[in-house]
Amino acid sequence: MINIVDDIRQSIKDLVKQSILKSIENGNIPEVEIPEISIETPREKQYGEFSTNIAMQLTRAAKKAPRQIAEMIINEINPEGTYVEKVDCAGPGFINFHLKNDWLYDALKIIQTEKEDYGKINIGKGQKVMVEFVSANPTGPLHMGNARGGALGDCIASVLEAAGYDVTREFYINDAGNQIEKFGISLEARYIQLLKGEDAVEFPEDGYHGEDIIEHMKEYINLYGDKLLDAEPSERRKELVNFALPRNINRIREGLEQYGIKFDVWFSEQSLYDSGELWETINYLKEKGWTYEKDNALWFKASELGADKDDVIVRSNGFPTYFASDIAYHRNKFLKRNFDRVIDLLGADHHGHVARMKAGVSAVGVDPSKLEIIIFQLVRLYRNGEIARMSKRTGKAISLTDLLEEVGKDAARFFFNMKASGSHLDFDLDLAVKQSNENPVYYVQYAHARICSMLRLLEGEGVKVPQIEDVNLGLLQTSEEIELMKKLAEFPDEIRICAQTLEPSRLTHYVLDVASLFHSFYNACRVKGEEENLMKARIILVDSTRIVIKNVLDILSISAPERM
RNA sequence: GUGCCUGUGGCUCAGCUGGAUAGAGCAACGGACUUCUAAUCCGUCGGUCGGGGGUUCGAAUCCCUCCAGGCACGCCA
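Residues numbered from 1 in each chain as written. Chains lettered and ligands numbered in written order. Predicted model: local features only at pLDDT ≥ 70, side-chain atom pairs only at ≥ 80, totals over all residues. Heavy atoms only, no water.

Caption draft 1: Seen up close, the overall build of chain A. Counting its regular elements, chain A contains 19 helices and 15 strands. Each principal axis of the C-alpha distribution contributes one length, and for chain A these read about 90 × 65 × 40 Å. The buried share among the 564 residues of chain A stands at 52%. The long-range fraction of contacts in chain A, counting pairs at least 24 apart against all pairs at least 6 apart in sequence, stands at 71%. (Helix = DSSP H or I, 4+ residues; strand = E, 2+ residues; numbered from the N terminus. Buried < 20%, exposed > 50% of the residue type's maximum accessible area, 1.4 Å probe, protein only. Contact = heavy atoms within 4.5 Å.)

What follows is the structure, given as structure tokens:
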């Protein structure tokens, strides 16, 4: 639960602030308002571990040259009792802080103490947050958009958990409304066609044309024959939907479980109809004056709440639109279930929904900033350097199941989390299955397996990971060791940034860095066979690296093999 | 036409709440296995950060504009 990087940043902030106050006191700097002191990590090693640009920011107010201000601040800094070893001024007026290595050794102690909890922080303070993602249309199989949304949403949820939030993963089942009607009509048409021939009935233009509809009906006929042929059509459709829908939902659930995703709540849209919440919400909007009638339909004044146009919530045929139930759904999230924050993941093809959904949330009296909608860009699959649309095996559109079969869960989840959600993603199917240095997943997993193998070998010789108190960590001095320790020390802060930006792609990059620094260390330094004290210190470093890689992969829900 | 996303070395991307010489990986080229896994490492090559303006001590990062690609603009979801 310790974020040592952040703690040090805070302590440096304090040092700087005290120093500026002192300089003002003794008249070296005129009385100015001190802006927020930002502490950054310089790219170049020569500039130390941390730096601040505060002197440059004070230039105008203090009416002095930035380097002059920097010098005065440095003169007044008293680093006693901190990790700071040296402070100097460089470039246009940066103040650079050089740290004693002790902070790195302390970081290793924290890792060895916290073990599988290392990285966890508590900026969430138990706040209730819902992440709603995938929410795929249950009328068909999961597609690539769902795959990316699934990987992203699940990792965002895991990161938030690691950051101390009380997280609920939720899947919204669109089991009501128009598309279910369409689903029923499609099933019915296939049912009749299968029993009475292709020409017995025309398949609706806007129906679901997928093979899976036909499959469902073949199975139904196998089980129940033609008993619905003379049934009343609406009853017949209902029966067929009741047959096929749960099967689809189960299939989706199983597919997602293979993908490493387990939802806490499967929320049914139909339940909003059944509980009356849907009409409650519509009537509430009416009462509050957020609606008007036009062309026999009921419109929601979204444009008065920031959207670019109004939208229909009840159609002229009396049926509510999807948007209406979505408002009711979000009202339920915030007002019935009291989530402090709600995060929705939507594919880029739904971005038009963002503004009006926020409008909907405001209209039911919820601060719209509590609803965060993440739009992720769509996926293009490549095979042999060309866009791949079809599954190798089935010849149909590539589903999540096909993807998992072809590249596996680890590669899929890693690749989908390698790019920021806002970036368009080209998924290279050939690369994802390649067992070589070109493939980043293996690179990371290999580092983990390599460490496990080292520790296994040592243990075989009776050398175990020592108790941290018995180790002289000060022996870790080479640049490879220092760089690796630094990276390990950053992990909790990395979680912090991921949780704040809701951008788990940082984690894949981070763990790649860890793996890379470890491999460099491995090639530069030996562990087994070194002088005992040095060996012990390096075992701690190696084991700490293992812990960090494992913890990151756990958050990504990617396996960390012990042998490869 | 309007709105959103994207444009960084041959390829895939980081960096984008402005900061110090623009970073990785892959590809290419040259090296390193009698010693803990070479699925690894070390080195070299490679960029007017899509173009053009502006804001300032300082811009890949902020603003404007243009260009290119993706997506969306339904009484569908």
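Picking up after the structure, the text goes on.
Caption draft 2: How the structure looks around the domain arrangement of chain A. The domain architecture assigned to chain A consists of domain 1 (4-100), domain 2 (178-258) and domain 3 (437-556). On a C-alpha basis, the centroid separation for the pair domain 1 and domain 2 is 70 Å. (Domains from an automatic or database assignment.)

Caption draft 3: Geometry of the nonpolar core. By size, the foremost hydrophobic cluster in this structure holds 148 residues, and its most contacted members are Leu403 and Phe427. Residue contributions to this core peak at 13 residues, all from helix H19 (residues 532-556). In contact with Leu403, other than residues within four places in its own chain, are Met144, Ala147, Leu381, Ile398, Gly408, Ala412, Phe416, Phe427 and Leu429. Of all hydrophobic cores here, the second largest spans 31 residues; its members include Tyr172, Val354, Ala359 and Val366. (Core = buried A, V, L, I, M, F, W, Y, C linked by side-chain atoms within 4.5 Å.)

Caption draft 4: Looking closely at the pattern of salt bridges. Under the criterion given, the structure shown has 35 salt bridges. Arg331 is the salt-bridge partner of Glu280, the closest N and O atoms lying 3.3 Å from each other. Pair noted here: Glu280 is in helix H10 (residues 277-287) and Arg331 is in helix H11 (residues 322-336), with a separation of 51 residues, a long-range link. By relative accessible area, Arg331 is classed as buried at 13%. Each of Asp6, Arg9, Asp493 and Arg496 takes part in a single network of salt bridges with overlapping partners. (Salt bridge = Lys/Arg side-chain N within 4 Å of Asp/Glu carboxyl O.)

Caption draft 5: Looking closely at the sheet that holds strand S4 (residues 94-99). A sheet is described by the order of its strands in space; here four strands give the open sequence S1-S2-S4-S3, paired in antiparallel fashion. Sheet topology places strand S1 (39-40) and strand S3 (84-90) at the edges, where each strand pairs with a single neighbour. Bridging between S3 and S4 involves six bridges; their strand directions are antiparallel. Each residue of the ladder has a partner; that of Ala90, found in S4, is Phe94. Across the sheet, helix H1 (residues 4-25) touches S1, strand S2 (50-52), S3 and S4, and the angle it forms with S2 is around 40 degrees. (Pairing = 2+ DSSP bridges. Axes fitted to C-alpha atoms, helices over the stretch in contact; angles between N-to-C directions.)

Caption draft 6: Up close: helix H18 (residues 505-524). Between its terminal C-alpha atoms H18 stretches 29 Å, which fits the 28 Å expected from 20 residues at 1.5 Å a residue. Residues Ser505, Leu507, Thr508, Tyr510, Val511, Leu512, Val514, Ala515, Phe518, His519 and Phe521 constitute the buried set of H18. Against helix H5 (144-162), helix H13 (400-416), helix H15 (440-460), helix H16 (479-489), helix H17 (491-501) and H19 lie the buried residues of H18. (Expected span 1.5 Å × (residues − 1).)

Caption draft 7: Local environment of the protein's contact with RNA strand B. Around RNA strand B, the structure places 57 residues, and the nearest of them are Phe94, Asn437, Tyr443, Tyr446 and Arg450. Considering RNA strand B, the proportion of its atoms within 4 Å of the protein that are sugar or phosphate atoms stands at 64%. Contact distances for RNA strand B include 3.0 Å between a base nitrogen and a side-chain N or O atom of Asn96. Between RNA strand B and Gly422, the relevant distance is 2.7 Å, taken from a sugar or linking oxygen to a main-chain nitrogen or oxygen of the residue. Broken down by secondary-structure element, the contributors of at least two residues to the surface near RNA strand B are helix H2 (54-62), S4, helix H6 (178-196), strand S9 (297-300), H15 and H18. Per-element accounting of the surface near RNA strand B gives the leading share, eight residues, to H15. When grouped by side-chain class, the residues that make up the surface near RNA strand B number 21 nonpolar, 21 polar and 15 charged. (Near = heavy atom within 4 Å. Polar contact = N/O pair within 3.5 Å; in protein donor to acceptor, adjacent residues only side chain to side chain. Nonpolar A, V, L, I, M, F, W, Y, C, P; charged D, E, K, R; others polar.)

Caption draft 8: Summary view of the packing of aromatic side chains. According to the stated counting rule, one finds 21 aromatic pairs in the structure shown. Ring centres of Tyr191 and Tyr220 lie 5.8 Å apart, and the angle between their planes is 75 degrees; this geometry places the pair in the edge-to-face category. Of this pair, Tyr191 sits in helix H6 while Tyr220 sits in helix H7 (residues 211-224), and the two are 29 residues apart along the sequence. We classify Tyr220 as buried; its relative accessible area is 0%. Put simply, the rings of Phe133, Phe171, Phe263 and Trp266 pair up and form one aromatic cluster. (Phe/Tyr/Trp six-rings, centres within 6.5 Å; stacked < 30°, edge-to-face > 60°.)

Caption draft 9: Local environment of the side chain of Lys487. For Lys487, the position within the fold is in helix H16. Among all residues touching Lys487, those that are not within four sequence positions of it are Tyr510, Asp513, Val514 and Leu517.

Caption draft 10: Examining the environment of Leu517 more closely. Mapped onto the secondary structure, Leu517 falls in helix H18. Leu517 sits 33 residues away from Leu484 along the chain, and the two C-alpha atoms are 5.5 Å apart. Excluding its chain neighbours within four sequence positions, the residues that come into contact with Leu517 are Glu483, Leu484 and Lys487.

Caption draft 11: Highlighting the packing of H18 against H19. Following both chains from N to C, one finds H18 and H19 inclined at 155 degrees, their axes separated by 10 Å at the closest point. Regarding the angle of H18 to H19, the classification is roughly antiparallel. The two elements H18 and H19 meet at a crossing, and its hand is left-handed. Seen from H18, the contacting residues are Leu507, Thr508, Tyr510, Val511, Val514, Phe518 and Phe521; seen from H19, they are Arg538, Leu541, Val542, Thr545, Val548, Ile549, Val552, Ile555 and Leu556. (Parallel < 35°, antiparallel > 145°, perpendicular 65-115°, else oblique. Left-handed = near helix turned anticlockwise from the far one by under 90°.)

Caption draft 12: Layout of the sheet that holds strand S14 (residues 386-387). Across the sheet, which stays open at both edges, the three strands sit in the order S14-S13-S15 with mixed pairing between neighbours. Edge positions in the sheet fall to S14 and strand S15 (425-428), since each of these pairs with one other strand and no more. Examined bridge by bridge, strand S13 (residues 379-383) and S15 share four bridges and lie parallel to one another. For Tyr382, the partnering residue across the bridge sits in S15 and is Asp428. With respect to the sheet, H13 is in contact with S13 and S15, its orientation differing from that of S15 by roughly 135 degrees.

Caption draft 13: Broad picture of the pairing of S4. Within S4, five of the six residues are buried, leaving the element largely enclosed by the surrounding structure. Alignment of S2 against S4, held across three bridges, turns out to be antiparallel. What sits directly across from Phe50, in S4, is Phe97. Counted between consecutive antiparallel strands, the loop separating S3 from S4 contains three residues, among which Gly91 sits at a positive phi close to 60 degrees.

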